[in-house]
Structures are given as structure tokens and as C-alpha cells.
Protein chains: 6
Amino acid sequence: MTSPTDSASRTGGRAASELRPFEIIPHVSPHAEGSALIKMGNTHVYCTASVEDRLPPWLKGKGRGWVTAEYAMLPRATKERTQREAAKGKQGGRTVEIQRLIGRSLRAAIDLDALGEFQITIDCDVIQADGGTRCAAITGGYVALAQAVRLLQRTKKITSHPIKRQIAAVSAGVIKGTPLLDLDYTEDSSAEVDFNVIMTSEGNFVEVQGTAEGKAFPRATLDQILDLTATGLEELFAAQRAAIEAPKRH
Amino acid sequence: MTSPTDSASRTGGRAASELRPFEIIPHVSPHAEGSALIKMGNTHVYCTASVEDRLPPWLKGKGRGWVTAEYAMLPRATKERTQREAAKGKQGGRTVEIQRLIGRSLRAAIDLDALGEFQITIDCDVIQADGGTRCAAITGGYVALAQAVRLLQRTKKITSHPIKRQIAAVSAGVIKGTPLLDLDYTEDSSAEVDFNVIMTSEGNFVEVQGTAEGKAFPRATLDQILDLTATGLEELFAAQRAAIEAPKRH
Amino acid sequence: MTSPTDSASRTGGRAASELRPFEIIPHVSPHAEGSALIKMGNTHVYCTASVEDRLPPWLKGKGRGWVTAEYAMLPRATKERTQREAAKGKQGGRTVEIQRLIGRSLRAAIDLDALGEFQITIDCDVIQADGGTRCAAITGGYVALAQAVRLLQRTKKITSHPIKRQIAAVSAGVIKGTPLLDLDYTEDSSAEVDFNVIMTSEGNFVEVQGTAEGKAFPRATLDQILDLTATGLEELFAAQRAAIEAPKRH
Amino acid sequence: MTSPTDSASRTGGRAASELRPFEIIPHVSPHAEGSALIKMGNTHVYCTASVEDRLPPWLKGKGRGWVTAEYAMLPRATKERTQREAAKGKQGGRTVEIQRLIGRSLRAAIDLDALGEFQITIDCDVIQADGGTRCAAITGGYVALAQAVRLLQRTKKITSHPIKRQIAAVSAGVIKGTPLLDLDYTEDSSAEVDFNVIMTSEGNFVEVQGTAEGKAFPRATLDQILDLTATGLEELFAAQRAAIEAPKRH
Amino acid sequence: MTSPTDSASRTGGRAASELRPFEIIPHVSPHAEGSALIKMGNTHVYCTASVEDRLPPWLKGKGRGWVTAEYAMLPRATKERTQREAAKGKQGGRTVEIQRLIGRSLRAAIDLDALGEFQITIDCDVIQADGGTRCAAITGGYVALAQAVRLLQRTKKITSHPIKRQIAAVSAGVIKGTPLLDLDYTEDSSAEVDFNVIMTSEGNFVEVQGTAEGKAFPRATLDQILDLTATGLEELFAAQRAAIEAPKRH
Amino acid sequence: MTSPTDSASRTGGRAASELRPFEIIPHVSPHAEGSALIKMGNTHVYCTASVEDRLPPWLKGKGRGWVTAEYAMLPRATKERTQREAAKGKQGGRTVEIQRLIGRSLRAAIDLDALGEFQITIDCDVIQADGGTRCAAITGGYVALAQAVRLLQRTKKITSHPIKRQIAAVSAGVIKGTPLLDLDYTEDSSAEVDFNVIMTSEGNFVEVQGTAEGKAFPRATLDQILDLTATGLEELFAAQRAAIEAPKRH
């Protein structure tokens with residue numbers, strides 16, 4: 001008898017500690033200072049970095065910069081159509097929560113004093129959703145951010161090196177007692193525990209969020225999950241580096 | 001001396017009556033009942049058709065269906081970042097005007113009585129903008145709509161044939177006195193007259209909008225523009241048919 | 001047998017090419033720099049022009065002025081009460097579309113550089129609606145605008161002559177195949193094709209909008225409609241001139 | 001020496017206890033079930049009554065009706081243009097306060113049980129403002145309401161007599177120590193005390209609102225004001241009766 | 001037989017002219033420049049005064065200050081839970097009306113020129129509601145305001161004496177023909193007439209609002225009510241003075 | 001030399017693993033089905049539980065209940081006044097994030113199937129803020145929730161036992177390398193790492209959120225923090241039990 005926790009039972013015969021097939025396509029936007037389309041399985045997120053020399057009022061004249069993020073899903077990124085937030089007239093709670101997380105995470109990559117008085121906005125638009133969109137947005141958003149900073153350096157707008165470390169994120173969960181890396185939507189829907197782990201390339205945590213879905217979890221589970229995510233993140237850091245080194249095609 | 005109205009002076013040496021290189025890629029969304037990514041030069045619009053059996057209150061129980069459209073641009077679809085409408089808390093006047101036009105135009109393709117009590121929402125999200133986004137949205141949106149109706153037929157949800165004709169749209173303008181087909185953003189910015197022509201595959205008009213930008217235009221100009229657009233639309237109708245016949249890849 | 005397209009069958013025995021009885025009453029507002037109440041049959045629109053020396057931020061310090069328009073209907077201007085937009089908390093799509101059209105049209109009358117750093121807001125409030133409100137708003141709004149500019153000249157705030165031409169608008173449509181000028185609400189509801197033509201007093205087009213209502217139309221129809229509207233507009237231009245010359249009564 | 005409290009010093013030589021020239025023109029709207037244009041000097045308010053058989057959810061199925069009111073000013077009803085509330089996206093505090101007062105006052109005219117399951121909405125739109133708009137709205141709104149109820153009776157939709165009494169309103173104030181009836185805008189701006197008195201035709205109070213503007217007032221002032229308003233209201237009750245008896249012209 | 005107008009029939013055997021047991025607890029907030037928790041029976045309102053040297057734009061640079069107020073109820077201050085206004089996305093009409101009244105009333109206490117360029121915001125949050133919340137907010141808000149001004153004086157930010165007089169408020173009503181002071185919620189629900197009287201410590205009126213609930217009232221009733229409230233207000237003025245003199249505990 | 005991480009340097013000489021003085025006062029609201037005022041040092045949160053038999057649309061008719069939460073701060077709960085969210089017209093991102101966390105956490109305490117078709121809303125209003133408001137809201141909110149369920153049982157509205165376990169929350173952080181329990185606002189402002197740990201009385205995690213503030217943290221830090229919070233939570237569980245057993249005073 002096969003159970004959902006057998007490796008055979010994950011889509012494509014994926015192992016418990018295996019990421020979905022993924023790809024980070026850099027330089028997808030002809031206009032943005034940095035951009036990447038990240039595909040984690042069927043989750044596709046279009047990330048752009050926009051540099052402005054206009055800071056929010058509360059940061060003006062302090063000699064330091066700012067990184068912020070916005071997140072949205074196309075209405076039909078999901079199995080059922082989701083109402084467009086612009087039409088509803090406000091961003092939902094989930095959107096607000098996610099975009100605050102992305103911004104907070106990416107600010108850990110950068111020395112805002114070294115950036116100087118620039119604001120970089122990372123827009124993460126989910127073209128297709130199949131679980132793990134917030135983690136994909138962070139991993140792809142970092143690539144867009146790093147490119148934008150490189151452009152500032154290449155065009156001599158800054159002479160500093162504000163990027164201090166890579167940031168990537170991955171989800172994990174527990175299904176029928178077995179910890180699994182990088183859940184897709186179907187897995188996520190039946191998970192008992194749901195984690196998002198955001199890490200630096202030095203192996204330190206930027207943010208750890210673990211939530212029990214219906215059943216509280218013991219500390220042993222937390223430990224297993226943190227072991228599992230570390231390996232997946234190594235692969236993502238390597239892919240980020242390759243994407244950032246890739247030449248602009250336009 | 002070359003002027004912007006010489007064919008040599010258009011990007012890529014395009015003739016006055018020539019469309020930009022274009023492509024309609026069908027079935028781009030794994031979830032939507034119909035979908036197409038339309039590229040008109042550097043304008044890329046992601047169009048999905050979502051079928052619901054839930055009608056707006058004012059149409060319930062009348063035995064007929066409805067087609068509506070929503071339009072948005074990703075914040076960095078444009079040269080400068082545009083503020084996200086969901087963050088602003090409302091759709092701008094331009095957005096509202098455009099999505100009403102798209103919905104109105106696509107309803108001309110379909111017999112709503114024959115459709116029966118289904119609502120089809122066409123979402124047109126501009127991934128990159130380089131002029132002519134509303135026309136591209138109509139042309140691509142028609143493909144998504146036609147696919148969605150075919151799916152209703154194939155899955156036996158309807159036995160009627162509600163699609164009555166193709167609908168496509170193209171822009172044209174006048175620069176330094178010369179009418180030009182399918183303006184890109186740079187051309188559009190310097191045009192004296194700006195037209196959007198929405199037509200049926202039978203050669204009749206669904207909507208004609210001609211606007212003087214700074215200088216009113218005589219009837220002769222209107223006549224030249226209408227001649228010009230008719231040829232471009234023929235090409236688009238052929239591309240729509242090819243896209244609709246293409247098999248779903250997923 | 002009489003059909004709706006017989007002249008006899010229009011309200012008051014109106015001919016196909018005949019405007020409704022109309023009147024432009026100038027100087028109706030004791031406060032506004034320019035104002036007119038325009039009556040096209042049972043459509044009554046109260047138009048005021050308000051001059052301010054405060055420009056929108058994006059126009060400040062450029063030495064040129066701006067003309068913008070706002071449009072609304074009193075809740076009971078219509079047969080059934082319409083919900084008040086201020087109570088709903090937003091302007092509907094139709095309102096936004098119309099007021100953008102009015103503003104765009106009236107800017108064609110004026111040399112904004114010659115106006116200098118003034119903003120003129122044209123408010124068009126529909127007191128009674130019986131079809132053709134947007135065209136009436138443009139025709140009446142022009143009178144208010146021209147008066148306001150005259151006041152700027154008379155009070156020596158400007159020495160230039162920014163009004164370059166008159167602008168007026170009229171609707172037309174096709175009912176049972178026959179083109180008719182200046183539709184009232186009942187006619188409009190059963191029209192197959194609906195046009196709004198905005199013209200300069202020099203006979204050039206500022207904007208042409210033709211929309212098929214349910215049935216696409218051939219180019220011959222477009223030609224007939226444009227012939228029809230030209231004559232009606234001549235009458236409106238004459239009435240505008242008379243209204244502008246009329247002395248202020250207050 | 002003349003002071004603003006001399007009768008000679010009021011506009012038009014008006015006495016302290018004299019209303020401005022006023023007029024109530026009934027049946028001004030071709031669509032509304034009841035309507036009146038009330039002119040109190042240069043304050044002009046267009047009042048309509050709209051009858052619907054659709055009640056607010058909290059009143060459904062209780063066998064009784066409802067009367068509510070909405071109030072707005074045209075943007076240029078005032079000396080300086082006021083921003084349109086529909087454009088701002090919300091009704092201001094003053095508007096909300098006034099329309100609640102109008103609704104509350106007019107409900108005192110009517111037996112809601114006798115009305116039966118109808119909702120009557122009184123729209124009061126200020127075309128020109130010169131002080132006292134809320135009182136004019138109540139006095140004119142009553143006429144529209146009474147006409148609408150008569151229409152329900154004439155068309156046999158109700159057989160009851162829900163109108164129980166007339167309601168009218170007038171303002172008064174104190175300038176340099178002298179109580180004055182029915183202030184215009186200039187007077188109102190310099191008044192030390194500002195009263196709105198809403199009364200029934202039986203001489204009882206529906207609402208009394210007295211506000212010190214800068215200087216608190218003794219009880220003697222309150223008594224003088226209440227004497228003053230009683231006489232003015234008698235005239236308004238007579239004018240209301242005449243307006244309601246007038247035949248519909250359309 | 002006892003009726004609701006017998007003193008014996010009021011909760012706790014209260015006489016018609018007797019206030020509920022009340023208490024003004026000063027200095028309840030560790031942060032605010034002034035604060036008081038006022039308890040009128042089971043109505044508890046938490047009032048704070050916040051001083052800012054940032055004025056609203058329309059008052060800047062005029063050398064004078066401003067006092068404004070905001071009012072809200074905790075969702076479960078009431079017998080049934082009330083929807084949170086922040087969640088609804090707007091303040092209701094009742095809230096707007098009340099907070100305008102509080103601000104207007106408290107400005108009567110103070111010489112804004114003497115205050116200088118400070119804005120003081122009085123926040124009145126109803127923790128428990130049992131009738132008379134707006135009057136309690138004014139009475140308690142005055143204490144917070146007076147403390148804040150004293151703090152400005154003690155810290156030498158101002159050398160003037162802007163507080164000119166005390167302001168307090170009390171409600172009264174008529175039940176079965178008998179005037180009663182300081183209604184609780186149950187009494188208020190069955191009152192025929194409802195008054196709010198806001199007075200200065202010199203015995204003058206700042207605002208008088210009398211509203212007939214279902215039945216208009218004669219002038220004699222108004223006179224009785226004004227007699228009744230004067231005595232209650234004396235007690236409140238004394239309690240305010242005691243609260244202001246009390247030392248800060250933190 | 002003393003550093004902020006010496007126990008002596010915490011306010012009141014608190015040890016690193018010591019909670020602030022705290023108190024849970026039950027039954028503070030006369031109206032709510034459950035209520036508690038929780039004081040964690042100078043953080044005071046007023047929590048009420050409101051039971052309704054009206055479910056959100058998406059849960060109707062499924063035989064199970066729902067628990068949701070709302071969170072707000074009084075404007076002057078903070079050192080500087082915060083703008084009222086009802087006045088701004090929307091809840092901020094921080095508010096939305098916190099109230100979603102509270103609702104999610106408290107749902108872990110309860111068997112929604114056993115609850116049956118009731119919705120319980122936990123309102124958490126911060127009267128004073130000094131760090132750790134979201135954790136205090138969860139700990140206090142649980143008490144209100146448990147009381148409300150007891151009331152349903154006592155009044156025989158349910159016969160089941162839906163409360164399955166206690167839920168409490170506490171924050172912790174790292175300052176100059178030393179982990180500290182239950183940070184106050186001053187400590188929180190200088191912390192390098194910030195954790196919120198939500199646990200069940202059985203010692204399992206409901207949610208773990210750890211965020212690096214400026215500096216990413218190694219796994220060893222995470223382990224230390226989780227040890228620290230476990231002891232603090234034991235004390236809070238005991239205080240919850242005492243508060244729930246306390247008799248209602250009203």
C-alpha cells in the first residue's frame with residue numbers, strides 16, 4: 001500500500017527532501033532595473049526590481065536607502081478565479097502579510113546605509129500558483145534586487161557594495177507524520193504543519209515561521225523540518241548565483 | 001532627409017501599413033478555461049477566460065449569459081514604475097475605461113442567449129507595455145474567450161454555438177501628417193491623431209474611437225485611417241484562428 | 001404603417017436630421033466664473049467653470065494651464081433613482097469615462113500655453129436626463145469655459161487669447177436601419193448603433209466614438225452618421241455664440 | 001452710525017424678524033414622485049422624493065415604511081469651488097450630519113406604520129448656497145415627501161393617510177447681540193450664536209439645535225431666538241401648503 | 001402602581017433630577033499629556049489628550065492652535081457586538097456627528113490664540129456603553145484637555161492661560177411625560193424626547209440639542225429640561241475640578 | 001560595568017528568564033459572553049469574546065463553528081499618538097497580520113465541530129502598549145474564549161466540550177547576544193532577534209515566529225529561545241486557569 005508520504009507518492013516520484021524542478025530566468029523585463037521569472041514546479045512568479053531616487057517621507061535626508069516589496073496574484077493564477085484586489089478596492093490580509101514578509105526578508109540581504117538614498121521596490125506577481133508562492137517570491141526577488149544593485153554600481157550611481165549576503169526561502173511541511181520539503185498546493189492542503197524558512201547564504205535564519213494546521217507539533221518536528229530545509233536552500237542559492245551572473249539578453 | 005513617417009524611420013524599418021511582429025501563444029495558463037499570451041512587438045498581454053456558473057444579480061434567471069473583462073498592468077510593465085492599483089485602493093480612470101471597452105467589444109462576438117447562464121470573465125494583464133495594450137487585450141482576449149466556449153461545448157455543458165464572429169482590434173495614428181498602423185509607445189507619444197478600431201471578421205465595425213491629440217482632424221484623415229486598419233486586422237483574424245485551432249499542451 | 005424611423009414617429013414629429021428643441025441659458029450661477037444651463041429636450045445639464053490659480057502638482061511651474069471636467073447626475077435625474085456616487089464611495093466606470101471625454105474635448109478648444117498657470121474645472125451636473133447627457137455637457141461646458149476665459153481677460157489676469165475654436169458635440173444612432181440625429185433616451189435604448197461626434201467650429205473632428213449595440217455596422221453607416229451630425233452641430237455652434245455674447249444678469 | 005444689526009443693514013433692508021424673499025416651486029422633476037425647488041434668497045435647493053417598494057434589510061417584513069434623506073452641494077454652489085464628494089470617495093462629516101438631520105426631521109411628519117412597506121428617499125441637492133441650506137432642504141423636502149405620498153394615494157397603492165403634520169425649518173442667529181431670523185451666508189459667518197429650529201405645523205419642536213460660535217449664550221438668548229423663529233415658520237408652512245396644492249404641470 | 005417616571009422605578013431608586021453614580025479618574029494613561037476615565041453609571045469612556053506641534057495645513061503659520069476630537073466604541077461596549085469601524089473601512093454617520101460635537105464643545109473652553117501653534121487631539125473611546133456616551137466624552141474630555149494645557153504651562157512650552165472656562169455635558173429626556181436627568185440606555189430607548197445640553201461653568205450654553213423621538217414637544221417641555229440639566233451640570237463641574245487638581249500617580 | 005543583558009539592567013531588576021509582573025482580570029465587560037483584561041507589565045489588553053449564532057457565509061450549514069479575532073490599539077496606547085484606523089479608512093498591515101495570528105492561534109484551542117454553528121469573535125483592544133501586545137492578546141483572548149464556551153455550556157446551548165487545550169503566547173528576543181524573555185518596548189527596540197512563541201498547555205507549538213532584526217541568527221540561538229519561552233508559558237497557563245475559575249462579579 002502506498003501512502004502520500006512515500007517518495008513514490010509525490011508528484012513525479014519526488015523524494016521527501018527533494019525540491020520541485022525549478023528554474024530562475026533572469027532579465028525577463030525590458031524596463032526594470034532587475035528582473036527574474038522564477039518557476040518552482042507549477043508556481044511561476046514574475047519579479048522586478050525598480051530603483052527610484054525618491055524615498056518615503058520618513059527616510060528622506062538620512063543618507064540611507066530602503067527596500068520594499070509588493071505581492072499580487074493574477075486573478076486566474078489559481079484553480080478558481082480569485083477576485084482582483086484592485087477591483088475590490090483593497091489588498092487582502094494574506095497579501096499584506098506576504099508582502100511585508102518579502103520586504104523584511106530582502107532587507108536582510110542589503111546594507112541600507114551603503115545603498116544610499118535610493119528606494120528599490122520588488123514587485124512579485126504570481127502568474128501561476130501551485131503552493132509556495134511567498135518563498136518563490138523571496139528567492140526570485142533576491143535575484144532582481146541583486147541585479148538592480150549591480151546596475152547602480154555599473155552606472156556609477158553608487159560606489160559601495162551594499163549586497164551583503166544572499167537570501168532564499170523554502171517551505172516545508174508534515175503530512176501523515178512525515179516531513180516533506182517544498183510542498184505543492186495539493187500537499188499543502190493536507191499538511192498538518194506548515195513552515196516557511198528564510199535563510200542567508202551563510203546558513204543563518206532571517207525568519208522562521210512554523211504554523212500548526214489543526215494539530216500542534218512537538219519540538220522534534222521543528223528540528224526535522226529545519227534539517228530538511230537547509231539542503232534545499234543550498235540548491236536555491238546556487239541557482240541564484242547562476243542567474244545573477246547571466247548576461248542581459250536585451 | 002528622413003522623417004518619422006518614412007518607413008525607414010519606424011523601428012525595424014516597418015512600413016506605414018505594417019503590423020509589428022506579433023504572436024498569439026495559446027493555452028498559457030494551466031488553470032483557465034481559455035488563455036493566450038499575445039505579443040504585439042514589445043507589448044505582451046496575458047489573457048485568461050474564466051467560466052463561472054454564477055451570474056451577476058441583475059442577470060440571474062433570465063436564461064442568458066454574460067461576458068465581462070478586467071484589465072491591469074503589472075507595476076513595471078512600463079518604463080517608469082506605475083503604482084499598483086490594489087495598493088492605491090482603486091482602479092484608475094484609464095483602467096476602467098479600457099476594461100469597459102474590452103468587455104463591450106468581446107460581447108459583440110457572442111450570442112449571450114445561446115451561451116446560457118454562464119459568466120465568462122476575460123482578465124487581461126499587461127506584462128510588458130509598448131503601446132496598443134487595449135487593442136492587444138481585445139485580440140488576445142477573443143482567443144481566450146473562444147477557447148473557453150469550445151471547452152463548454154466539448155464538456156457538453158452547452159450544446160449551442162454561441163460564438164458568432166471573431167473580434168480583433170488595432171490602433172493607428174497620424175504622425176507629421178502620415179497615417180501609420182499599430183503605433184508603438186514612442187510613436188503614440190508623438191501622434192497627432194489616435195485611433196482604435198475594433199472590427200468583426202465580417203468587416204463590420206464594433207467600435208471606432210478616434211481622438212485628436214492636440215489637433216482636430218478632417219474627415220479625409222478618418223477615411224485613410226479606416227483603410228489602413230482593415231488590412232492589419234485581416235492578419236490578426238488569421239492568427240486568432242490558428243491560435244484557437246492549436247491543441248492544448250498541458 | 002408607421003415605424004419608429006418615420007419622422008412622424010419621433011416625439012414631436014421630429015425629422016431624422018432634426019435636433020430636439022434646445023436652449024443654452026448663460027450665467028446661471030451667481031458664483032462661478034462661467035456657467036450655462038443647457039437643455040436638449042428633456043436633458044438638462046448645469047455647467048460651471050471654476051478658475052483656480054492652483055495647478056495639479058505635475059503641471060506646476062511649466063507656464064501652462066489646464067482644463068479638466070467632472071460629471072455627475074442628480075440621483076433622480078433618471079426615471080428610476082440612481083444611487084448617489086458620494087454615498088457609494090466611488091465614481092462609477094461610466095462617470096469616469098464620460099468626464100475624461102468632456103475634459104479631453106474641451107482642452108481642444110484652448111491653447112493651454114496661452115492660458116498660463118490657471119486651472120479651469122468644468123463641472124457638469126445633470127439635473128434631468130433624457131439621453132445625450134455627455135454631448136450636452138460638452139456643448140454647454142464650452143460656453144462656461146469661454147465665459148471664464150473672457151472674465152480672465154476682462155479682469156486683466158491674462159492678456160492672451162487662449163480660446164482657439166468652439167467645441168460642440170452631438171449624438172446620433174441607427175434605429176431599424178435609419179440614421180437619426182440626437183437620440184432621446186427611448187430612442188437610444190433601441191438603437192443598433194450609437195455615435196458621439198465632437199467637432200470644432202472649423203469642421204474638424206476632436207473625437208469620434210461609434211459603438212455597435214448588439215450589431216456591428218458597415219462603413220456606409222458610419223459615413224451616413226457623420227453627414228447627419230455635421231448639420232446638427234452647426235446649429236449648436238450658433239447657439240453657443242449667442243450664449244457667450246449674452247450679458248451677465250447678476 | 002449703522003451696525004449690521006440695524007434692519008437697514010441687512011441685505012435688501014430686511015427686518016430682524018423677516019425671512020428672505022422665498023419661493024417653493026413644485027413639480028420640477030419630470031421623473032420623481034414628488035419634487036420642489038426651494039429658493040430662500042440665493043439659497044436654492046432641488047428636492048426630490050423617490051418611492052421604492054424595496055426596504056432596507058432591517059425593516060423588511062415589519063409592515064412599516066421608511067423615510068430617509070441624502071444631501072449634497074454642487075461643487076460650485078459655493079463662492080469657492082468645493083471638492084466633489086464622489087471624487088473624494090466619501091461624504092464629509094458635515095454632509096453626513098446634515099442628511100441625518102433631514103431624514104430624522106421628515107420622519108416626524110409621517111406615520112411609518114400607515115405608510116406601509118415603501119421607502120421614500122428625499123434627495124436634497126444644493127444648486128446655489130447662501131446660508132441656511134439644511135433648513136431649506138427640510139422645508140422643501142417636506143413638499144416633495146407630501147406630493148409623493150399623495151401620488152401613492154391617488155394611484156391606490158395605499159389607502160391610509162400617513163402624513164400627520166407639516167415640518168419646516170428655519171435658522172436664526174445672533175449678531176452683535178441682536179437676534180436675527182434666517183441668516184444669509186455673510187451674516188452666518190459673523191454670527192455669535194447659530195440656531196436651527198425644526199417645527200411641526202402644530203407649533204411643537206421636532207429638533208432644536210443651538211450652537212455658540214465662539215461665545216456661549218445665556219438662556220435669555222435662547223428664548224428670544226425661539227420667539228423669532230416661530231413667526232418665520234408660519235410663513236413657510238403656508239407656502240408649503242400652496243406648493244402641495246399646485247397642480248403638476250407636466 | 002409604579003410607573004417608569006416614579007423615582008422608585010429608576011435603577012437604584014434614582015430621583016428624576018439625580019445623576020447616575022459617577023466618577024472621573026484622572027491620569028489613567030501613562031503616555032498621554034492628559035487623560036481621564038469617566039464613569040457615568042455603566043457608561044465608561046477613556047479620554048486622552050495628545051499634544052502635537054504639527055497643525056493641520058489650513059491652520060499653519062497663523063499663530064493659533066486647534067483642538068479636535070475623535071470618538072469610537074469598542075466593538076463589545078454594547079449589548080450586541082457592533083462592527084469595528086476600522087474593519088468596515090469608514091466611520092459611521094453617528095460617530096462623525098458625535099466627534100464633531102465633542103470637538104466643537106471643547107473648543108469653547110479654550111482661547112486658541114493663547115494656546116499658540118499646538119494641536120490637541122481628544123480621543124474618547126467608549127469601553128462600556130449604557131447611554132449618554134457623547135456627554136460623558138465631553139465631560140471627561142475636558143479634564144484631559146485641561147491637564148494637557150497645564151502640562152504645556154508646567155513645561156514652559158506656553159506662558160499663556162488658554163483655558164477660559166469649564167465645559168461639561170449631560171443628557172436628559174422625557175418618559176411618559178416626565179422629564180428625567182441623565183438617561184441610561186434602557187430609559188433612552190423609551191424616551192419621547194432626547195436632549196444633550198453642553199454648558200460652560202459660567203452657566204451659558206455651548207450647545208443645546210433637543211430631538212423629538214416620535215413625538216414633537218412643546219416649549220414648556222424644553223423649559224423643564226433646561227431647568228433639570230443645570231443642577232446636574234453643577235455636580236459635574238465640581239468633579240472636573242477635583243480630577244484636575246489630583247496629582248499624577250505615575 | 002553593567003550591560004543591558006545583566007539581570008540588574010532590566011527594568012525592576014528582572015532576570016533574563018523572568019516574565020514582567022502580570023495579571024489577568026476576568027469578567028471585565030458587563031456585556032460580553034467572555035472577557036478579560038490582561039496586564040503584562042505596562043501592556044494592557046482588553047479582550048472580549050462575543051458569541052453569535054450567525055456564521056460567515058462560507059461556513060453556513062456545515063454543522064461547525066468558527067473563531068475569529070480583531071485587534072486594535074487605542075490611538076494613545078503608544079508613546080506618540082497613532083492615527084485611528086477607522087479615521088484612515090483601513091486597517092494597517094501590522095494590524096491585519098496580528099489579528100490573523102490571534103485568530104489562527106485561538107482556533108487551535110477548540111474543536112470547531114464540537115462547538116457547533118456558533119461564531120465567537122475575540123476583540124483585543126490595546127489600552128496601553130509596552131511591547132508584546134500580540135502575545136498578551138492571545139493569552140488574554142484565550143481566557144475570554146474559554147469563558148464564552150463555558151457560558152454556552154451553562155446555558156445548555158451546547159452539550160459538547162469544544163475546548164481541547166489552553167493556548168498562550170510569549171515573546172522573547174536577543175539583546176547583545178543574550179536571550180531574554182518577554183521584552184518590553186524599550187528592549188524590543190534594541191533586540192537583534194525577535195520571537196513570538198504560541199504553545200498549547202500540552203507543550204506543543206501552535207506557531208513559532210522568529211525574525212532577525214538586522215542580523216540573521218544561528219540555530220543555536222533558536223534553541224536557546226525555545227528553552228526560555230517554555231518556562232514563561234507555564235506561569236501563564238496557570239494564571240489562565242485561575243482567571244477562568246474566578247466567579248463573575250456582575
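The structure we're discussing is the one just above.
Residues numbered from 1 in each chain as written. Chains lettered and ligands numbered in written order. Predicted model: local features only at pLDDT ≥ 70, side-chain atom pairs only at ≥ 80, totals over all residues. Heavy atoms only, no water.

Trainee: Before we go on, may I ask you to explain the relation of the copies chain B and chain A in this structure?
Mentor: Both copies of the chain are related through a single rotation about an axis accompanied by a shift along the same axis. With an RMSD of 0.0 Å, the operation that places chain B on chain A is a rotation of 180° combined with a shift of 0.0 Å along the axis. On the angle and the small slide along the axis, the relation comes out as a two-fold axis. For chain B, the smallest separation between a C-alpha atom and the rotation axis is recorded for A86 of chain B, amounting to 1.9 Å. Comparing contact sets, 100% of the residues at the interface of chain B also lie at the interface in chain A, consistent with an isologous, same-surface contact. (Least-squares fit on C-alpha atoms with pLDDT ≥ 70 in both. Contact = heavy atoms within 4.5 Å.)

Trainee: Is there a simple way to think about the interface of chain B and chain A in this case?
Mentor: Buried accessible area, meaning the area lost when the parts come together, often serves as the stated size of an interface. Between chain B and chain A, the residue contacts involve 35 residues of the former and 35 residues of the latter. Taken together, the two surfaces of chain B and chain A that pack against each other cover about 2600 Å², and 50% of this comes from carbon and sulfur. Three residues stand out in chain B for area buried against chain A, namely H31, R76 and R84 of chain B, and they jointly supply 27% of the buried area on that side. Summed over the shared surface of chain B and chain A, the result is 12 salt bridges. Across the contact surface, chain B and chain A share 20 residue pairs in polar contact (both at pLDDT 80 or more). Every element with two or more residues in the side of chain B that touches chain A is listed here: β3 (43-52), β4 (66-73), α1 (85-88) and β5 (119-128) of chain B. Sort the elements by how many residues they give to the side of chain B that touches chain A and β5 of chain B lands first, with six residues. Of the residues contributing to the side of chain B that touches chain A, the split by class is 16 nonpolar, nine polar and 10 charged. (Buried area = accessible area lost by both parts, 1.4 Å probe. Salt bridge = Lys/Arg side-chain N within 4 Å of Asp/Glu carboxyl O. Polar contact = N/O pair within 3.5 Å; in protein donor to acceptor, adjacent residues only side chain to side chain. Helix = DSSP H or I, 4+ residues; strand = E, 2+ residues; numbered from the N terminus. Nonpolar A, V, L, I, M, F, W, Y, C, P; charged D, E, K, R; others polar.)

Trainee: Mind showing me how you'd approach the sheet that holds strand β1 (residues 22-26) of chain A here?
Mentor: Each strand in a sheet pairs with another by means of backbone hydrogen bonds, the pair being arranged parallel or else antiparallel. All names here are of chain A. Spatial ordering of the open sheet is given by β1-β2-β3-β5-β4, a layout of five strands whose pairing is mixed. Because the sheet does not close on itself, it has two edges, and the strands there are β1 and β4 (66-73). Across the sheet, the mean angle from the axis of one strand to that of its neighbour is 15°, orientation sign disregarded. Across seven bridges, strand β2 (residues 34-40) lies against strand β3 (residues 43-52) in antiparallel orientation. Following the sheet pairing, G34 is matched in β3 by A49. (Pairing = 2+ DSSP bridges. Axes fitted to C-alpha atoms, helices over the stretch in contact; angles between N-to-C directions.)

Trainee: Sorry if this is basic, but what is going on with the arrangement of the chains here?
Mentor: Nothing in chain A touches chain D; the tightest C-alpha to C-alpha distance between them is still 11 Å. Structurally, chain D and chain F remain out of contact, their C-alpha atoms never closer than 10 Å.

Trainee: Please clarify how the interface of chain D and chain C should be interpreted in this entry.
Mentor: The partner chain C presents 35 residues to the 35 residues of chain D that form the contact. A combined buried area of about 2600 Å² lies between chain D and chain C, and 50% of that area is made up of carbon and sulfur atoms. Per-residue buried area on chain D facing chain C is highest for H31, R76 and R84 of chain D; these three make up 27% of the total on that side. Run the count over chain D and chain C and you get 12 salt bridges. Note that D125 of chain C is salt-bridged to R84 of chain D, the shortest N-O span being 2.9 Å. The tally of links from chain D across to chain C stands at 20 residue pairs in polar contact (both at pLDDT 80 or more). Those elements that place two or more of their residues in the side of chain D that touches chain C are β3 (43-52), β4 (66-73), α1 (85-88) and β5 (119-128) of chain D. It is β5 of chain D that provides the largest number of residues to the side of chain D that touches chain C, a total of six residues.

Trainee: Would you mind showing me how to read the packing of helix α2 (residues 93-107) of chain D against helix α4 (residues 133-154) of chain D here?
Mentor: When two helices pack together, you describe them by how their axes are tilted relative to each other and by the distance separating the axes. Residues and elements named next belong to chain D. Two numbers describe how α2 lies on α4: the axes approach to 10 Å, and their chain directions differ by 40°. One finds that α2 runs oblique with respect to α4. Here α2 and α4 pass one another in a crossing that is right-handed. Across the interface between the two elements, R94, E97, I98, L101, I102, S105 and L106 from α2 touch T133, R134, A137, I138, G141, Y142 and L145 from α4. Among the residues forming the contact of α2 with α4, the class breakdown is eight nonpolar, three polar and three charged. (Parallel < 35°, antiparallel > 145°, perpendicular 65-115°, else oblique. Left-handed = near helix turned anticlockwise from the far one by under 90°.)

Trainee: Explain the pairing of β4 of chain D to me, please; I cannot follow it from the model alone.
Mentor: Along a regular strand, successive side chains alternate from one face of the sheet to the other. All names here are of chain D. Counting buried residues in β4 gives six out of eight residues, a clear majority hidden from the surface. In the sheet, β4 pairs with β5 via eight bridges, with the strands oriented parallel. Bridge assignment links T68 to a residue of β5, and that residue is T121. (Buried < 20%, exposed > 50% of the residue type's maximum accessible area, 1.4 Å probe, protein only.)

Trainee: In this structure, what is going on with the sheet that holds strand β6 (residues 167-175) of chain D? I would like to understand it.
Mentor: A sheet is described by the order of its strands in space; here eight strands give the open sequence β7(D)-β6(D)-β8(D)-β9(D)-β9(E)-β8(E)-β6(E)-β7(E), paired in antiparallel fashion. Both edges of this open sheet fall to β7 (178-181) of chain D together with β7 (178-181) of chain E, since each of them pairs with a single strand only. Strand after strand, the sheet turns through a mean of 15° between neighbouring axes, direction not considered. Of the pairings in the sheet, the one linking strand β6 (residues 167-175) of chain E to β7 of chain E comprises four bridges and is antiparallel in character. Within the sheet, the bridge partner assigned to V174 of chain E lies in β7 of chain E and is P179 of chain E. Relative to strand β9 (residues 205-212) of chain D, α2 of chain D is tilted by about 150°, and along the sheet it contacts β6, β8 (193-200) and β9 of chain D together with β9 (205-212) of chain E. The strands touched by helix α2 (residues 93-107) of chain E are β9 of chain D together with β6, β8 (193-200) and β9 of chain E; relative to β9 of chain E, the strand with the most contacts, the crossing angle is about 150°.

Trainee: What is the right way to read the relation of the copies chain D and chain C from this model?
Mentor: For the pair chain D and chain C, the best superposition has an RMSD of 0.0 Å and corresponds to a rotation of 180° with a translation of 0.0 Å parallel to the axis. Taken together, the interface assignments show that 100% of the residues at the interface of chain D recur at the interface of chain C, consistent with an identical surface on both copies.

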